[in-house]
Amino acid sequence: MDGDAMIWAGVGLREDATGAAFADALARAGRRPDALACLDIKATQALTDWVKAEGLPLTHLTEQDIAGEQTLTCSPRIKARFGTGSVAEALALASARKGGYRARLIAPRVQSACGMATIALAERT
């Protein structure tokens, strides 16, 4: 899991997001990641169950871990609350950088059709 060429997905979610919402957001991202990351305060049972069913590792990060990350998109509400423009994008970047790696976002975040889950992908460079 710690190889150089990994794709990390940052997962943003609303409290009542379902596995179907996560699956839809991931399908819209267009690429399967090697691992996922979420905020520790947002790790719901539905997310944990979905990640387990997908067979992907899940890393829990803190708000401090993502504060200050430069993202492609910016929500003023998210910026005020978390110190970064996009939780999903910041999670993808911060998790991909763990261990001293460099990382870049593959594309801006994508949202599930229901609006309950957001996924952004970053790759180690």
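Provided above is the structure to which this section pertains.
This is a predicted model, so every value here is computed, not measured.

### Some details on the pairing of strand 3 (residues 58-61)
Part 1 of the argument: Side chains Thr59 and Leu61 project from strand 3 onto a buried face, and the interleaved Leu58 and His60 project onto a face without burial.
Part 2 of the argument: Following the backbone out of strand 2 (residues 35-39), through helix 2 (residues 45-54) and into the adjacent parallel strand 3, one traces a crossover that is right-handed.

### Observations regarding the environment of Leu91
Part 1 of the argument: Here Leu91 lies in helix 5 (residues 87-97).
Part 2 of the argument: For Leu91, a relative accessible area of 0% gives the class buried.
Part 3 of the argument: The spacing of Leu91 and His60 is 31 residues in sequence and 9.2 Å in space, taken between C-alpha atoms.
Part 4 of the argument: The residues touching Leu91, leaving out its near neighbours within four places in the chain, are Gly10, Val11, Ala37, Cys38, Leu39, Leu61 and Ile66.

### Some thoughts on the layout of surface pockets
Part 1 of the argument: Each pocket or cavity is described by its volume, and for the largest pocket that value is around 440 Å³.
Part 2 of the argument: Lining the largest pocket are 21 residues, and of these Gly12, Leu13, Arg77, Ile78 and Thr118 sit closest to its centre.
Part 3 of the argument: When residues of the lining of the largest pocket are traced back to their parent elements, those giving at least two are strand 1 (7-13), helix 4 (76-82), helix 5 and strand 6 (117-124).
Part 4 of the argument: Considering every element that reaches the lining of the largest pocket, the biggest residue donor is helix 4, with four residues.
Part 5 of the argument: When its residues are assigned to classes, the lining of the largest pocket shows 10 nonpolar, six polar and five charged.

### Some points on the pattern of salt bridges
Part 1 of the argument: Under the criterion given, the structure shown has five salt bridges.
Part 2 of the argument: Linking Arg28 and Asp24 is a salt bridge whose minimum nitrogen-to-oxygen distance equals 3.0 Å. Of this pair, Arg28 and Asp24 are both found in helix 1 (residues 19-29), four residues apart, which corresponds to roughly one turn of the helix.
Part 3 of the argument: Since its relative accessible area comes to 45%, Arg28 is described here as partly exposed.
Part 4 of the argument: The class for Asp24 is partly exposed, based on a relative accessible area of 25%.

About the cut-offs
- Residues numbered from 1 in each chain as written.
- Predicted model: local features only at pLDDT ≥ 70, side-chain atom pairs only at ≥ 80, totals over all residues.
- Heavy atoms only, no water.
- Buried < 20%, exposed > 50% of the residue type's maximum accessible area, 1.4 Å probe, protein only.
- Helix = DSSP H or I, 4+ residues; strand = E, 2+ residues; numbered from the N terminus.
- Right-handed = clockwise from strand over helix to strand, strands pointing away.
- Contact = heavy atoms within 4.5 Å.
- 1 Å grid on protein atoms, 1.4 Å probe; cavity = no way out; pocket = protein on both sides within 12 Å on 5 of 7 lines; lining within 4 Å.
- Points joined across faces, edges and corners; volume = space filled by probe spheres on them.
- Nonpolar A, V, L, I, M, F, W, Y, C, P; charged D, E, K, R; others polar.
- Salt bridge = Lys/Arg side-chain N within 4 Å of Asp/Glu carboxyl O.

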